[in-house]
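# Reading the structure
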Amino acid sequence: MARTCRTCANQCSPSVRPPAVCPVCEDERQYVPSSGQAWTTQEELRAEGHRTRLSELEPGLLELTVEPRLGIGHRGLLVRTPAGAVLWDPPGYLDDAALTAVRDLGGLLAVTRSHPHLGGAFGEWSLRCPRPDGSPAPVQLPRRDRRWLLRPDLERRGAVRWWEDRQELAPGVTLVRCGGHFAGSAVLHVAGAAGGRGALLVGDTLMVLPGGRRVSFMRSYPMLLPMPERHLDRLLAALSGLRYDRLVGGFPGSGVDRDAQRVVADSARSYRDWLTGRAVDPDQD
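Per chain, residue numbering runs from 1 following the sequence as it is written. Predicted model: local features are reported for residues with pLDDT of at least 70 only, side-chain atom pairs are reported and counted for 80 or more only, and whole-chain, interface and lining totals are derived from all residues. Heavy atoms throughout the structure, all of them, feed into the side-chain values; hydrogens and water do not.

## Observations concerning the nonpolar core
Throughout, nonpolar core names a set of buried Ala, Val, Leu, Ile, Met, Phe, Trp, Tyr and Cys residues whose side chains join them through atoms within 4.5 Å. Partly exposed residues are those whose accessible area sits between 20% and 50% of the maximum for their type, while under 20% is buried and over 50% is exposed, using a 1.4 Å probe and protein chains only. Counting residues in each nonpolar core, the largest one holds 26 residues, and the members touching the most others are Leu 200, Leu 206, Val 215, Phe 217, Leu 239, Tyr 244 and Leu 247. Only DSSP runs of H or I with at least four residues qualify as helices, and only runs of E with at least two residues qualify as strands; both kinds are numbered from the N terminus onward. The set of elements that each furnish at least two residues to this core consists of strand E13 (199–203), strand E14 (207–208), helix H6 (229–239) and helix H7 (260–276). Residue contributions to this core peak at 5 residues, all from H7. Listed in part, the 22 residues of the second largest apolar core include Leu 87, Leu 99, Val 111 and Leu 154.

Next comes the structure, spelled out in structure tokens:
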């Protein structure tokens, strides 16, 4: 039976007994609560009344959320393409209604994620929403984060596709590795979103802050560990050349609806100034 961590909602490979630790939560970027490591299963979550909700954010882009909240409460995003949907940052629970809805939309072209914290139940989606030939839906993961694969059983089934710095999943839908938060932290560029102005689905690779006017760049958000300047430089270089006017964040309601490229540039400049000590605080300097 596959176990789901109640803290981060990531799922590990099936096992007779729950794992001793969740590798994601044991890492310095995440945390194990003071109450200790706790596991659950999809069956237990169903019995507890959890459900997956789908709603449209804009034509061709849907949001998946789990109610009641599970783990850190992140949302999944579903990008529709003529060849099938790309599922980004799936949440930790999948119910039959959501599965049926996605099948009715044409099934899954690929399952992918921004970084290991937001992998959720990607294995459930891959196995329960197979391709027309019966094979698991492809799981696209960056090779730089290979050690964070919590479902090696999927690789044994041939479901995992490792990619490097960029990977086009469908025309105009491209994975871009930015690094920073994790070595393989990525964004998904959707060229036709936002009325053709382009959008980035960012997860925690860039954290959209309250108010939708700033983003931040961190090694760890819950542990407040800053991202080194050299990693920021690489992240910005990876985004260079992409055309986008909107950011869609990893949590319900988070996003930058207009002028997102300027917001990213201004936020990076402010972050760099405070990180390096160039910023001036008139109350202290």
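## Some remarks on the sheet that holds strand E18 (residues 246–249)
As a general point, the strands of a sheet are linked pairwise by backbone hydrogen bonds and lie either parallel or antiparallel. The strand order across the open sheet formed by 6 strands is E10-E11-E12-E13-E18-E19, and the pairing between neighbours is mixed. A single partner strand is all that each edge strand has here, and the edge strands are strand E10 (166–170) and strand E19 (255–256). Strand pairing is assigned whenever DSSP detects at least two bridges linking the two strands. By the bridge criterion, 2 bridges tie E18 to E19 in an arrangement that is antiparallel. Of the residues in E19, the one forming a bridge with Leu 247 is Val 256.

## Digging into the environment of Leu 154
Mapped onto the fold, Leu 154 is located in helix H5 (residues 152–156). Relative accessible area serves as the criterion here: at 0%, Leu 154 is assigned to the buried category. Residues Leu 154 and Ser 13, spaced 141 residues apart in sequence, show a C-alpha to C-alpha distance of 8.4 Å. Residue contacts follow a heavy-atom distance rule, with two residues in contact if any of their heavy atoms lie within 4.5 Å. Contacts of Leu 154, omitting those with residues within four sequence positions, involve Phe 122, Gly 123, Ser 126, Leu 127, Val 139, Ala 159 and Val 160.

## A look at the packing of H6 against H7
As a packed pair, H6 and H7 sit with axes 11 Å apart at the nearest point and diverge in direction by 170 degrees. Here H7 runs roughly antiparallel to H6, going by the angle between their axes. Only Val 264, Ala 268, Tyr 271, Arg 272, Leu 275 and Thr 276 of H7 make contact with H6, whose side of the interface consists of Glu 229, Leu 232, Asp 233, Leu 236 and Leu 239. For the contact of H6 with H7, the per-class residue count stands at 7 nonpolar, 1 polar and 3 charged. Angles shown run from 0 to 180 degrees and are taken between the N-to-C directions of axes, each axis being a line fitted to C-alpha atoms and, for helices, limited to the stretch in contact. In these notes the angle categories are as follows: under 35 degrees is roughly parallel, over 145 is roughly antiparallel, 65 to 115 is roughly perpendicular, and the rest is oblique. Charged residues are taken to be Asp, Glu, Lys and Arg, nonpolar residues to be Ala, Val, Leu, Ile, Met, Phe, Trp, Tyr, Cys and Pro, and polar residues to be all remaining types, Gly included.

## Section: the packing of aromatic side chains
Two aromatic rings, taken as a pair, are described by how far apart their centres are and by the angle between their planes. Two aromatic rings, drawn from Phe, Tyr or Trp (for Trp, its six-membered ring), form a pair once their centres lie within 6.5 Å of each other, and the interplanar angle then sorts them: stacked below 30 degrees, edge-to-face above 60, tilted otherwise. Counted according to the given criterion, the structure contains 2 aromatic pairs. Between the aromatic rings of Phe 217 and Tyr 271, the centroid separation amounts to 5.7 Å while the plane-to-plane angle is 70 degrees, which identifies the pairing as edge-to-face. In this pair, Phe 217 sits in the loop between strand E15 (215–216) and strand E16 (218–220) while Tyr 271 sits in helix H7, placing the two residues 54 residues apart along the sequence. Given the relative accessible area of 0%, Phe 217 is considered buried. By relative accessible area, which is 12% here, Tyr 271 ends up buried. Counted as over-ring charges are cases with an Arg CZ or a Lys NZ within 6 Å of the ring centre that also lie within 35 degrees of the ring normal. The ring centre of Phe 182 lies 3.8 Å from the NZ or CZ of Arg 29, which sits over that ring.

## Quick look at the pairing of strand E4 (residues 61–67)
By the criterion of burial, E4 is predominantly enclosed, with 6 of the 7 residues buried. Pairing between E4 and strand E5 (residues 76–81): 4 bridges, direction antiparallel. Pairing of Leu 64 across the sheet is with Gly 76, part of E5.

## Quick notes on the pattern of salt bridges
One speaks of a salt bridge when a side-chain nitrogen belonging to Lys or Arg is within 4 Å of a carboxyl oxygen belonging to Asp or Glu. Using the criterion set out here, one finds 22 salt bridges in the structure. Here Asp 27 ties to Arg 29 by a salt bridge, and the two come within 2.6 Å at their closest N and O atoms. Of the charged contacts, one joins Arg 278 and Asp 273 as a salt bridge, the two residues approaching to 3.6 Å between their closest N and O atoms. One network of salt bridges, with partners in common, ties together Asp 259, Arg 262, Asp 266 and Arg 269.

## Things to note about the environment of Leu 99
Along the chain, Leu 99 falls in helix H3 (residues 96–104). For the pair Leu 99 and Thr 52, spaced 47 residues apart in sequence, the C-alpha separation works out to 9.2 Å. When neighbours within four sequence positions are excluded, Leu 99 is seen to be in contact with Leu 94, Trp 125, Arg 128 and Cys 129.

## Observations concerning H6
All of the buried residues in H6 are His 231, Leu 232, Leu 235, Ala 238 and Leu 239. Take H6 and look down its axis: the buried residues cluster within an arc of 125 degrees, on one side only. Among the exposed residues of H6, those oriented more than 90 degrees off its buried face are Arg 230, Arg 234 and Ala 237. Following H6 by one or two positions, Gly 241 has its phi on the positive side, about 95 degrees. In this description, the arc belongs to the directions extending from the helix axis to the C-beta atoms.

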